[in-house]
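Here's the letter readout for the chains.
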Amino acid sequence: METEVHYTCAPERADELLTATNEVLNNLSSAIAEQDLQRIVEDIYFAEKSRNNNANTWLRRLILSDKRYKNASYIKRSGQLHEQVTLEGLEVLAKQIFPLPHRLTFIDMPGGKNYR
């Protein structure tokens, strides 16, 4: 799992924003609200529409379906992924992903100096 967070700020605010970023990521599972669910579903639907026109996507999904289920069940469901999203499911996934046990923080300071 790889996650990147980028922002620009005054050098004296770097620690403050790093702390705020960590708080958001660590509390992500409880921050997902019901009103966010519809937007998330729409985003997944939009992304899946373009993926479903890509032969490489179908090949990767066929391989995953065979490895995981030993049949084509994943392929059959892939057109309805957006319909399978639930608030509870997103909360569980967020708890599994964040907080990240290993982090690398890089802060680029003005003048090419690095902090941390």
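Computed from a prediction, not measured in an experiment: that's the story for all the values here.

A. Examining the overall build of the protein chain more closely. Broken down by element type, the protein chain carries six helices and two strands. Its helices and strands in sequence order give the protein chain the pattern α-α-α-α-α-α-β-β, from N to C terminus. Here the protein chain holds 116 residues, and 22% of them are scored as buried. Across the protein chain, every contact between residues at least 6 apart in sequence was considered, and the portion connecting residues at least 24 apart equals 56%. For the protein chain, the accessible area works out to roughly 9,100 Å², and carbon and sulfur atoms hold 55% of it. Charge-centre separation for the protein chain: the mean point of 15 positive side chains lies 9 Å from the mean point of 16 negative side chains.

B. Local environment of the pattern of salt bridges. For the structure on display, the rule yields four salt bridges. In this structure, Arg39 and Asp43 form a salt bridge, with 3.0 Å as the shortest nitrogen-oxygen distance. Of this pair, Arg39 and Asp43 both sit in helix H3 (residues 34–51), four residues apart, roughly one helical turn. A relative accessible area of 54% places Arg39 in the exposed class. Glu48 is the partner of Arg61 in a salt bridge, and the nearest nitrogen-oxygen pair spans 2.7 Å. In this pair, Arg61 sits in helix H4 (residues 55–69) while Glu48 sits in helix H3, placing the two residues 13 residues apart along the sequence. Overall, Arg61 belongs to the buried group, its relative accessible area being 7%. With a relative accessible area of 5%, Glu48 lands in the buried category.

C. Molecular detail of the layout of surface pockets. Volume-wise, the largest pocket comes out at about 710 Å³. Residue assignment for the lining of the largest pocket shows that the elements contributing at least two residues are helix H1 (14–26) and strand S1 (107–108). The greatest single-element share of the lining of the largest pocket, amounting to five residues, is contributed by H1. Partitioned by chemical class, the residues of the lining of the largest pocket number 15 nonpolar, seven polar and four charged. In this structure, the second largest pocket spans a volume of roughly 170 Å³. Looking at the second largest pocket, the residues that line it are Ile44, Leu81, Gln84, Val85, Thr86, Gly89, Leu90 and Leu93. Sorting elements by how many residues they give to the lining of the second largest pocket places helix H6 (residues 87–97) first, with three residues. The residue inventory of the lining of the second largest pocket, partitioned by class, reads five nonpolar, three polar and no charged.

D. Quick look at the nonpolar core. Membership of the largest hydrophobic core is limited to seven residues, which are Ile32, Leu37, Val41, Val85, Leu87, Leu90 and Ala94. For this core, the elements supplying multiple residues, two or more each, are H3 and H6. Of all the elements, H6 adds the most residues to this core, at three residues. Ignoring anything within four residues of it in the chain, the contact list for Leu37 reads Val85, Thr86, Leu87 and Leu90.

About the thresholds
Residues numbered from 1 in each chain as written. Predicted model: local features only at pLDDT ≥ 70, side-chain atom pairs only at ≥ 80, totals over all residues. Heavy atoms only, no water. Helix = DSSP H or I, 4+ residues; strand = E, 2+ residues; numbered from the N terminus. Buried < 20%, exposed > 50% of the residue type's maximum accessible area, 1.4 Å probe, protein only. Contact = heavy atoms within 4.5 Å. Areas by Shrake-Rupley, 256 points an atom, 1.4 Å probe, with all protein chains shown as cover. Lys, Arg positive; Asp, Glu negative; His and termini not counted. Charge placed at Lys NZ, Arg CZ, Asp CG, Glu CD. Salt bridge = Lys/Arg side-chain N within 4 Å of Asp/Glu carboxyl O. 1 Å grid on protein atoms, 1.4 Å probe; cavity = no way out; pocket = protein on both sides within 12 Å on 5 of 7 lines; lining within 4 Å. Points joined across faces, edges and corners; volume = space filled by probe spheres on them. Nonpolar A, V, L, I, M, F, W, Y, C, P; charged D, E, K, R; others polar. Core = buried A, V, L, I, M, F, W, Y, C linked by side-chain atoms within 4.5 Å.

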